[in-house]
Amino acid sequence: MKKVAIIGGLRIPFVKSFKEYNHISNQEMLTTCLNALVDRFQLSGKRLGEVALGALLNRSTEWNFARECVLGTKLDPHTPAYNLQRACGTSLDATIQLGLRIACGQIDTGISGGSDTNSDIPLQFQQQLAWKLVALRSAKTLGERLKVLASIRFKDLTPVYPSIVEPRTGMSMGQHTEKMVKEWGITRDAQDALAYRSHMNAAKAYADGFFNDLVIEYKGVKKDTIIRADTTPEKLAALKPAFDFSGNGTLTAGNSTLYTDGASALLLASEEHAQQQNWPVLAHLVDAETAAVDYVNGEGLLMAPTYAVARMLKRNHLKLQDFDVYEIHEAFCGQVLSTLKAWEDAAYCKKLGWDTPLGSIDRSKLNTKGGSVAIGHPFAATGTRILAQTAKILQERGSGRALVSICTAGGMGVVAILER
């Protein structure tokens, strides 16, 4: 098996939805990231082995989204591309798939990535209206057309807005996380403290120039706009609950991710090809795992990474403490803290196949350059954002091992190990 090298990643600034990127499509944002990678690594006119991209909030007409993005770049048009989607783990999963193909020698290079926007949202109308419009188009006579038109009711014109609600439970991700934090005894103070640290770490990383070669200017925006260098524990504590209004809610807009627009992309190659091209190798993708939980029957919706990490550690003969860097996606601070507490629980870890608790991690190694609560979370873009960020951290360290963990809608999790 060949070693899978992470060469570099680029993204546009992540911004709060309905602001700077209003009416800009996923395709436009992601194509910008791809072209930036092409320029950075002199890929113009080159044919890559494969490009794997995804977005959650896509129109039905964008069925060949990834290929259209590639055709909008300066890559050789003979470069193939395909779509994939695993909710918030989309671009991490894209990277894993390409990594496997590189490892077994099918391809030498690949680009993974993702994009999402709430500011160019694909609205739908009621299914009844869709059926009637299809019938209208198929009508042969004026009488048939008038009959279909007469059947259209005002309620048929009501738009259907996309929402992050689990179809099996009718509950939002935030509502599910409220159940998790109550189960695990996670306090509001602990969630706010993690959110505060996320913002402080991200603000310091920008001040130190860490993001200078990871984030490109786009539409006049030069840096992520959600990071709040001036936030305080007091400001976070003053925010009202956003999901549970019973008086017992602890999740707020401050300790949860906000609706975000953005895109990111990552260049991968085999070790040999990277050497031939004189490309820097930031880190290597070593292993990965996916998992799912039975959230419909009571398990925590966002707890699947606990299973995935446990299996991946066992396969690699590692302990949870054998990492220098931990990058855990902050869908909600409560979800991160529930995961960490579960790994410390002996009874829970027996369900994961361990005779003893996985144990605690050194919190000073967690999301050291800021997490999703501060930086933002354009769903399909988060995976390659985290991977590029983590690979650079390892490159600056000179050596080390990193654990990447992302929870997703549908009760799934995607995790990976990076090393340098």
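Whatever comes next refers back to the structure up there.
Just so it is clear, the model here is predicted, and its values are computed rather than measured.

### Focus on the overall build of the chain
Looking only at helices and strands, the chain features 14 helices and 12 strands. Taken over C-alpha atoms, the radius of gyration comes to 22 Å for the chain, in line with the 22 Å a tight globule of 420 residues would show. With the C-alpha coordinates aligned to their principal axes, the bounding extent of the chain is approximately 75 × 60 × 45 Å. A buried classification covers 56% of the 420 residues belonging to the chain. Carbon and sulfur atoms provide 53% of the accessible area of the chain, an area that totals close to 18000 Å². Of note, the chain has its 47 positive side-chain charges centred 4 Å away from the centre of its 42 negative side-chain charges.

### Structural notes on the side chain of R188
Secondary-structure assignment places R188 in helix α7 (residues 188–207). Within the structure, R188 has its side chain in polar contact with the side chain of D192 (distance 2.8 Å). Among the polar contacts made by the side chain of R188, one reaches the main-chain carbonyl oxygen of L236 at a distance of 2.9 Å. The residues touching R188, leaving out its near neighbours within four places in the chain, are L236, A237, A238, L239, T250, T252 and N255.

### Regarding the pattern of salt bridges
Applying the stated criterion across every chain, the model contains 20 salt bridges. Residues D224 and R11 are paired through a salt bridge, measuring 2.7 Å at the closest nitrogen-oxygen approach. Within this pair, whereas D224 is found in the loop between α7 and α8 (233–237), its partner R11 is found in strand β1 (residues 4–11), the two being separated by 213 residues in sequence. Here the two residues D224 and R11 agree in accessibility, since each one is buried. With its nearest N and O atoms 2.8 Å apart, the salt bridge here joins D192 to R188.

### Re a nonpolar patch on the surface
On the surface, F125, F154 and L157 cluster together to form a nonpolar patch covering roughly 370 Å² of accessible area. As for its position among the elements, F125 is in strand β6 (residues 124–125).

### Side note on unusual backbone geometry
With a phi angle near 50°, A87 is a residue other than glycine that sits in the positive phi range. Residue position: A87 is located in the loop between β4 (81–83) and α3 (90–103). On the basis of relative accessibility, which here comes to 7%, the residue A87 falls in the buried class. Positive phi, normally seen in glycine, also occurs at N367, with a value near 45°.

### Comments concerning the packing of aromatic side chains
To describe a pair of aromatic rings, one takes the distance between the centres and the angle between the planes. Overall, the coordinates contain 8 aromatic pairs when judged by the stated rule. Relative to Y218, the ring of Y21 has its centre 5.2 Å away and its plane inclined at 75°; by these criteria the two rings are edge-to-face. Here the residue Y21 occupies a position in the loop between β2 (15–16) and α1 (26–40), and Y218 occupies one in the loop between α7 and α8, the gap between them amounting to 197 residues. You can call Y218 buried: its relative accessible area is 6%. Ring centres of F243 and F332 lie 5.9 Å apart, and the angle between their planes is 80°; on these two criteria the pair is classed as edge-to-face. Pair noted here: F243 is in the loop between α8 and β8 (260–270) and F332 is in the loop between β10 (325–328) and α11 (333–343), with a separation of 89 residues, a long-range link.

### Examining the pairing of strand β12 (residues 412–419)
For a regular strand, side chains alternate in direction, first toward one face of the sheet and then toward the other. In terms of residue burial, β12 counts as a mostly covered element, since 6 of its 8 residues are buried. Pairing of strand β11 (residues 401–408) with β12 involves 8 bridges; the strand directions are antiparallel. Bridge pairing in β12 links S405 to V415. Here β11 folds back onto β12 in antiparallel fashion, the turn holding 3 residues, of which G410 has a positive phi close to 80°.

The rules behind the values
- Residues numbered from 1 in each chain as written.
- Predicted model: local features only at pLDDT ≥ 70, side-chain atom pairs only at ≥ 80, totals over all residues.
- Heavy atoms only, no water.
- Helix = DSSP H or I, 4+ residues; strand = E, 2+ residues; numbered from the N terminus.
- Rg over C-alpha atoms; globule rule 2.2 N^0.38 Å.
- Buried < 20%, exposed > 50% of the residue type's maximum accessible area, 1.4 Å probe, protein only.
- Areas by Shrake-Rupley, 256 points an atom, 1.4 Å probe, with all protein chains shown as cover.
- Lys, Arg positive; Asp, Glu negative; His and termini not counted.
- Charge placed at Lys NZ, Arg CZ, Asp CG, Glu CD.
- Polar contact = N/O pair within 3.5 Å; in protein donor to acceptor, adjacent residues only side chain to side chain.
- Contact = heavy atoms within 4.5 Å.
- Salt bridge = Lys/Arg side-chain N within 4 Å of Asp/Glu carboxyl O.
- Patch = residues over 30% accessible without salt bridge, like charges linked within 9 Å, V, L, I, M, F, W, Y side chains within 5 Å.
- Phe/Tyr/Trp six-rings, centres within 6.5 Å; stacked < 30°, edge-to-face > 60°.
- Pairing = 2+ DSSP bridges.

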